[in-house]
Amino acid sequence: MERSDICYAKYVQILKEELLPAMGCTEPIAIAYAAAKARAVLGKVPERLLVEVSGNIIKNVKSVVVPHTGGLRGIPAAAAAGAVAGDADAELEVLSHVTGAEIAAMADYLKAAPIQVRHADTGHIFDIQITAFAGEESAAVRIVDYHTNLVLIRRNGETLLEKEISQAEDGLTDRSFMSVEGIVDFAGSVALSDVRETLERQIAYNMAIAEEGLRNNYGANIGKTLLRGHEDCLEYQMRAWAAAASDARMNGCELPVVINSGSGNQGITTSVPVIVYARETGKSREELLRALVVANLVTTHLKTGIGRLSAYCGAVSAGCGAAAGVAWLQGGRFHKIAHVIVNAVAVTSGIVCDGAKASCAAKIAAAVDAGLLALAMYRDGNQFYGGDGIVKKGVENTIANVGRLARFGMEQTDKEIIALMMEN
């Protein structure tokens, strides 16, 4: 692919849009960002808050620890953290510079300030609106479709910002042109200077939190459990390091990660197994960076049809991306990578997303394992064929089926999962 090709520039831009740093699980962080923005618009710490969110936000915030809060969980905690100590200019790193005194202030704020949470059934899977009040003054902020997409800002009833809301992710590069063949072509020809900074940050951040997850106790310790007794097995290392990063991230670790498709767990799952494989097999830095281009763009391509949030576990797509990246490191190109993707989605597309919490690490391990099985199948000349369940002839047709299943077929499943979670 030539550098002058319009698709070349789009692929570079997509990597820069998707591979962003984030502190903590991105849904509670988006609430904290909205609350921090509302406080900034109001001009003072609010006396009370109204938080209106879609069901998938409830699902992904309910059980996860919000970083830099002293171990607090849930929507009120995320909103309080942003309202008291958030830096709105830092967007998804809104809580990165919280002090000990501010953590104490959050606890006091939760006791003193009324925070009302409502389920907003607006038709948008991703929807957050926070209204902050102080006396007769108020400020409202709304985020729709993705984590930093501010579509409405009001102060005392005056509209300061209003964007038309569409089903498309306005402000992001169109992804409809993406294909596995195009991704492989781009990965082989991209000037690494165009993507190096973005990918090197992903390597540094995501491996640091994986190391932290293996070093200390977080959640159910899935990574440490996998690695125990299998320290010299590469396949176990790939699963364990990815799971350990999620162990830490889901359970309050205060290290940032580089996300993919709006999710830190997806960013971890996409990248960490590829980095571990490259490290343990002595691959060059250039080979690793090109493999990460493949892995990240395959994950994004799969997630485009699914949407940011769904009842379909995002780790499945990221596990496919990781397997595609490893296939590249093994010398595979389009034919091998396409077969690996199809084999992997045929195995794990039934994993449901029941929110962000400790068990995400185990689902990540399963998704990476499916990718490794897909690689082994290709090595031995085995594959799933069109007509095997949701598998259709041609990788793009299978990817389209996955998107249809996740976005439409699992819509009622998503509602039932949310209902079950709200009963607990």
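It should be noted that the structure appears before, not after, this text.
What counts and what doesn't
- Residues numbered from 1 in each chain as written.
- Predicted model: local features only at pLDDT ≥ 70, side-chain atom pairs only at ≥ 80, totals over all residues.
- Heavy atoms only, no water.
- Pairing = 2+ DSSP bridges.
- Helix = DSSP H or I, 4+ residues; strand = E, 2+ residues; numbered from the N terminus.
- Axes fitted to C-alpha atoms, helices over the stretch in contact; angles between N-to-C directions.
- Polar contact = N/O pair within 3.5 Å; in protein donor to acceptor, adjacent residues only side chain to side chain.
- Buried < 20%, exposed > 50% of the residue type's maximum accessible area, 1.4 Å probe, protein only.
- Salt bridge = Lys/Arg side-chain N within 4 Å of Asp/Glu carboxyl O.
- Core = buried A, V, L, I, M, F, W, Y, C linked by side-chain atoms within 4.5 Å.
- Contact = heavy atoms within 4.5 Å.
- Parallel < 35°, antiparallel > 145°, perpendicular 65-115°, else oblique.
- Nonpolar A, V, L, I, M, F, W, Y, C, P; charged D, E, K, R; others polar.

Asks: Outline the sheet that holds strand β5 (residues 137-144), supporting the account with residue identities and numerical values.
Replies: With mixed pairing, the six strands of this open sheet are ordered in space as β3-β2-β4-β5-β6-β7. Edge strands, defined here as strands with exactly one partner in the open sheet, are β3 (115-119) and β7 (158-162). The mean inter-strand angle of the sheet, taken between neighbouring strand axes irrespective of direction, is 10°. Of the pairings in the sheet, the one linking strand β4 (residues 127-134) to β5 comprises eight bridges and is antiparallel in character. Following the sheet pairing, D127 is matched in β5 by V144.

Asks: Quick one: what's the story with the environment of T225, residue by residue and with numbers?
Replies: Relative to the elements of secondary structure, T225 occurs in helix α8 (residues 222-227). C-alpha of T225 to C-alpha of A244: the two residues are 19 residues apart in sequence and 9.3 Å apart in space. A polar contact is formed between the side chain of T225 and the backbone oxygen of N221, at a distance of 2.8 Å.

Asks: Can you tell me about unusual backbone geometry, naming the residues and giving the values?
Replies: Unlike most non-glycine residues, D145 shows phi in positive territory, near 80°. Its location among the elements puts D145 in the loop between β5 and β6 (150-155). The exposure class of D145 is buried, given its relative accessible area of 12%. Residue S261 is not a glycine yet carries a positive backbone phi of 55°.

Asks: Give a detailed account of the pattern of salt bridges, specifying residues and quantitative values.
Replies: For the structure shown, the criterion picks out 15 salt bridges. The closest approach of N and O atoms between R285 and E200, which form a salt bridge, is 2.6 Å. Taken together, the residues span a long stretch of sequence, with R285 in helix α11 (residues 285-306) and E200 in helix α7 (residues 196-215) at a distance of 85 residues. Linking E280 and R279 is a salt bridge whose minimum nitrogen-to-oxygen distance equals 2.9 Å. Its relative accessible area of 39% is what places E280 among the partly exposed residues.

Asks: Help me get a handle on the pairing of β6, residues and values and all.
Replies: Two strands pair when backbone bridges link them, and β5 and β6 are joined in this way by five bridges, in the antiparallel orientation. Bridged to I143 within β6 is L150. If you look at the hairpin formed by β5 and β6, you'll find five residues sitting between the two strands, and D145 has a positive phi there, around 80°. Where β6 and β7 come together, four bridges link them in antiparallel fashion. Across the sheet, residue L152 finds its bridge partner in β7, namely E162.

Asks: Now, about the nonpolar core: what can you tell me, with residues and values included?
Replies: Residues I31 and I128 are the most contacted members of the largest nonpolar core, which totals 140 residues. Setting aside its immediate chain neighbours within four residues, I31 contacts V53, I57, V61, I75, A78, A79, I128 and I130.

Asks: Outline the packing of α7 against helix α10 (residues 264-281), listing residues and values.
Replies: It is the contact of α7 with α10, at a shortest axis distance of 10 Å, that shows an interaxial angle of 95°. By the criterion of interaxial angle, the relationship of α7 to α10 is roughly perpendicular. For the pair α7 and α10, the contacting residues are Q202, I203, N206 and M207 in the first and G267, I268, S271, V272, I275, V276 and R279 in the second. Residues that form the contact of α7 with α10 fall into these classes: six nonpolar, four polar and one charged.

Asks: An account of the side chain of H301 is requested, with residue identities and associated values reported.
Replies: Considering the arrangement of structural elements, one finds H301 in helix α11. According to the relative accessible area criterion, H301 is buried, its value standing at 10%. Only 2.8 Å separates the side chain of H301 from the side chain of E396, close enough to count as a polar contact. Leave out the neighbours within four places in its chain, and H301 touches M178, S179, V180, I183, E396 and I399.

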